[in-house]
Amino acid sequence: MSGSHNDHDRNHSSHTTPDAGHDGHHHEHHSSPDQPVNPEQNEHSHSHHDDDYSRHGHSDHATAQGHGGHHDHHSHMIEDFKKRFYISLIVTIPIMILSPMIQSFLGVDWRFGGDMYILFALSTFVFFYGGWPFLQGAKEELSERSPGMMTLIALAIIVAYVYSTAAVFGLAEHEFFWELATLVDIMLLGHWIEMRSVMGASKALEALAKLMPSEAHLIDENGKTKDVQVGQLKAGDRLLVKPGEKVPVDGEILEGKSSVDESMLTGESVPVEKSSGMEAIGGSINGEGSLILSVKKTGEETYLSQVISLVREAQESKSRAQDLANRAAKWLFYGALAAGLITFAVWLLLGYPVSFAIERMVTVLIIACPHALGLAVPLVIAVSTSIAARKGLLVRNRTAFEGARNIEAVVFDKTGTLTKGEFGVTDIATVDGISPEDLLSYAAAVETQSQHPLARGIIKKADELNLTRRKVSDFQSLTGKGLQGMVDGKEVMVVSPGQVRELDLSFDQERFNQWSSEGKTVVFTVIDGRLGGMIALADIVRESAIEAVRTLKEMGVKSIMLTGDNAKVANYVGRQIGMKEIIAEVLPHEKADKIEALQKEEHLKTAMTGDGVNDAPALAKADLGIAVGAGTDVAIETADVVLVKSDPLDVVNIFKLSRATYRKMKQNLWWAAGYNILAVPLAAGVLYKFGILMSPAVGAVLMSLSTVIVAINARLLTIDE
């Protein structure tokens, strides 16, 4: 009855209010669902590229960066590396004991007839069993004509194995099977640790997936409840959600009232009060009341599934810095190969034995393996994506996200972004000596019978002031005029300006005009036929919007408001927030043109923040598209980043995290590349005359150490770095 949007016909002025349901007004950015999407959105689509690790021998390593569908397989691969490492390590012990070089070092002689053949057999096992992932990886890299880390490792162990085998059969001077075995062991250990650490970034997906309950209480046609698997549910099914249970799928509440904890999904720490007509998100936790839901979305359509997909896309999407690391690894291979051959040739020319020259060459090849380089960027991306997900920033486009550090201007849509998109009382003016509290109390009593956004704003204010809830009787909805009811024996009406004029009641026209010019909606309370006063309501500005604009200014980023609302309303909101550049009365299709003008005429790298539906063309046109949309309305098609909590401060967090991520990537790339630049000459033996000579095994240890340092550095990434 009174819940209709005709409770109030409060179209006192022509300005646009943010009230979507209000007669005569429109929500500034809610267009029809079939609004055309700018084709340029395609530039933000996500190429599910072959992850760079796929060319590093374990092609399914891509799963380590969040591909939940292969999660079990990836776990199996980690176990496989672990198993290969331990078995190879055990076999390495007799190889060490049988090696003449180790015996000589220990000052013992455990030689016996045929010992070299046993050493050869054990080493052959380690070479093929332990070294297989690297040989296979080299084959894949070479088939793609993209040699890299795996090719380097394979080359090093092949050279060591072939040369040592030749030594066993008297075709060469020295064998170094023990160095081959220890190199394989260390490489297996490094990869095992690396895969585990990279996989750690996918734990967020596991946690999200675990939020969904597996069963639901389905209410059949007879009103009886039976437990069914969530996968069997379909749109329109009715469900019972008991107190303390998780909401199984996205749905609309048909009956019941409860507080629902959505903190794991939206980051909102305070439970949200839910009642009939409102939506419940699958995965959220029901509070003290029972709810009956109508299923709206199931499977991949649910909010939680969309979040999981977004995190997965983010971890898979291509990265400019990643490309740089791949190119560096490729050139490092050619450089290492050249350095190895030059080292071999120089030592031979200097008159040293072939075995010594080969040992130097092998050491160079081992040291030059771009293991740390290959890990430098993926680990930072994985950690960065994980931090972003925890902060409620769902990154869809890695390249655009990385470019966020260079953004010079942020364009904000107004309603629902800078403002809450809900009404709140801003001003109260009374007449005839009635107090503001009494006026509000009378108005709230009548408004309790209405579901109109204005009614909710008045009731909320009364509750904030802890005003006594007065009882209302004989309630009537005056279609197109307002509401009426008996409160404490008095006839109370809450009506529009038009109805006040019709009743021929005088009011403060100057104050009314001022409030209206500021974009506020004004309602009048009439008590027993006499005007009690007027109440102004407006879309409430988010407190965090003020702080966001201030922080962006400190970061050297310009804030601009772009809205379809009229200039007076926009300027009023702009003044509250501290935003000086305001572009108002812009039609949806013109928003993209405004973004383009900022990019071309003012030469500003621009981010657009909007709801992702009506703002789609502008989001696609911007250098960085940021969609604001909590709950089931998460916009996933056009934006590069989605803000789960609809908090303007999260825009600041995007830039902070982007800058911190880039700094960490640079640190890791410099460490990994710089390490190779310094270590390769050392491995070649440039300090040999000073008695400093690095063996292949020591080279492997140092290379693994660089990997560990890069991994630790990536883990130290924070948003406020």
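Under an unreviewed UniProt entry, the name given to the protein is P-type Cu(+) transporter, and the source organism is Bhargavaea ginsengi. Comment text from UniProt for the protein, heading Sequence similarities (unreviewed entry), reads "Belongs to the cation transport ATPase (P-type) (TC 3.A.3) family. Type IB subfamily."

## A few points about the pairing of strand β16 (residues 521-527)
Burial analysis of β16 places seven of its seven residues in the buried class, which makes it a mostly covered element. Both faces of β16 are covered, namely the face carrying Thr521, Val523, Thr525 and Ile527 and the face carrying Val522, Phe524 and Val526. Judged from the four bridges that link them, strand β15 (residues 490-495) and β16 form a sheet pairing that is antiparallel. Counted as the bridge partner of Val495 is Phe524 from β16. For β16 and strand β17 (residues 530-541), the ladder comprises seven bridges, and the chain directions are antiparallel. Counterpart to Ile527 in the pairing with β17 is Arg530. Where β16 folds back on β17, the antiparallel hairpin that results is connected by two residues, among which Asp528 adopts a positive phi of roughly 50°.

## Things to note about a nonpolar patch on the surface
On the surface, Ile93, Ile97, Phe105, Leu106 and Trp110 cluster together to form a nonpolar patch covering roughly 580 Å² of accessible area. Sorting the residues of the nonpolar patch by element identifies α1 (71-98) and α2 (100-106) as the ones contributing at least two each. Given a relative accessible area of 44%, Trp110 falls into the partly exposed group.

## Some words on the nonpolar core
Core analysis: the largest hydrophobic core is formed by 52 residues, its most contacted members being Ile95, Ile157, Phe176, Phe177, Leu180 and Ile367. At the level of secondary structure, the elements contributing two or more residues to this core comprise α1, α3 (115-130), α4 (132-143), α5 (149-168), α6 (177-200), α10 (320-349), α11 (354-367) and α23 (649-684). For this core, the leading source of residues is α5, giving twelve residues. Look past the residues within four positions of Ile95 in its chain and what remains in contact with it is Leu119, Leu122, Ser123, Val126, Phe177, Trp178 and Ala181. Counting residues in each nonpolar core, the second largest holds 49 residues, with Phe412, Leu418, Ile577 and Ala607 among its members.

## A few points about α4
In this model, α4 (twelve residues) spans 16 Å end to end at C-alpha, consistent with the 16 Å of a helix rising 1.5 Å per residue. For α4, the set of buried residues is Pro133, Phe134, Leu135, Gly137, Ala138 and Glu141. Arg145 occupies a position one or two residues after α4 and carries a positive phi of about 55°.

## A few points about unusual backbone geometry
One non-glycine residue, Asp488, adopts positive backbone phi at about 50°. Tracing the backbone through its elements, the reader meets Asp488 in the loop between β14 (482-487) and β15. Although it is not a glycine, Asp528 sits at a positive phi angle of roughly 50°.

## Let's talk about the UniProt feature "transmembrane region" (unreviewed entry) in the protein
When the UniProt feature table is mapped onto this chain numbering, "transmembrane region" (unreviewed entry) sits at residues 85-105, 117-135, 147-170, 176-193, 331-350, 362-389, 669-691 and 697-717. Helix makes up 95% of residues 117-135 and strand makes up 0%, while its end C-alpha atoms are separated by 23 Å. Between the C-alpha atoms that bound residues 331-350 there is a distance of 28 Å. The span itself is 95% helix and 0% strand.

## Observations concerning the sheet that holds strand β1 (residues 215-219)
Strands sit in the order β2-β1-β3-β9-β4-β7 across an open sheet of six strands; the sheet is antiparallel. The strands lining the two open edges of the sheet, one partner per strand, are β2 (225-229) and β7 (279-280). Of the pairings in the sheet, the one linking β1 to β2 comprises five bridges and is antiparallel in character. Counted as the bridge partner of Leu218 is Lys226 from β2.

## Quick look at the packing of aromatic side chains
A ring pair, where both rings are aromatic, is described by two values, the distance of the centres and the angle of the planes. According to the stated counting rule, one finds 19 aromatic pairs in the structure shown. Judged by centre distance (5.2 Å) and plane angle (15°), the ring pair of Phe125 and Tyr129 falls under stacked. Of this pair, Phe125 and Tyr129 both sit in helix α3, four residues apart, which is roughly one turn of the helix. Look at Phe125 and you get partly exposed, because its relative accessible area is 36%. Members of the aromatic cluster, connected to one another through ring pairs, are Tyr117, Phe120, Phe127, Phe128, Tyr161, Phe169 and Phe177. Its end group placed over the ring of Tyr662, Arg405 keeps NZ or CZ at 3.4 Å from the ring centre.

Reading the values: the criteria
- Residues numbered from 1 in each chain as written.
- Predicted model: local features only at pLDDT ≥ 70, side-chain atom pairs only at ≥ 80, totals over all residues.
- Heavy atoms only, no water.
- UniProt positions renumbered as here; feature names shortened; annotations may be inferred.
- Buried < 20%, exposed > 50% of the residue type's maximum accessible area, 1.4 Å probe, protein only.
- Helix = DSSP H or I, 4+ residues; strand = E, 2+ residues; numbered from the N terminus.
- Pairing = 2+ DSSP bridges.
- Patch = residues over 30% accessible without salt bridge, like charges linked within 9 Å, V, L, I, M, F, W, Y side chains within 5 Å.
- Areas by Shrake-Rupley, 256 points an atom, 1.4 Å probe, with all protein chains shown as cover.
- Salt bridge = Lys/Arg side-chain N within 4 Å of Asp/Glu carboxyl O.
- Core = buried A, V, L, I, M, F, W, Y, C linked by side-chain atoms within 4.5 Å.
- Contact = heavy atoms within 4.5 Å.
- Expected span 1.5 Å × (residues − 1).
- Phe/Tyr/Trp six-rings, centres within 6.5 Å; stacked < 30°, edge-to-face > 60°.
- Lys NZ or Arg CZ within 6 Å of the ring centre and 35° of its normal.

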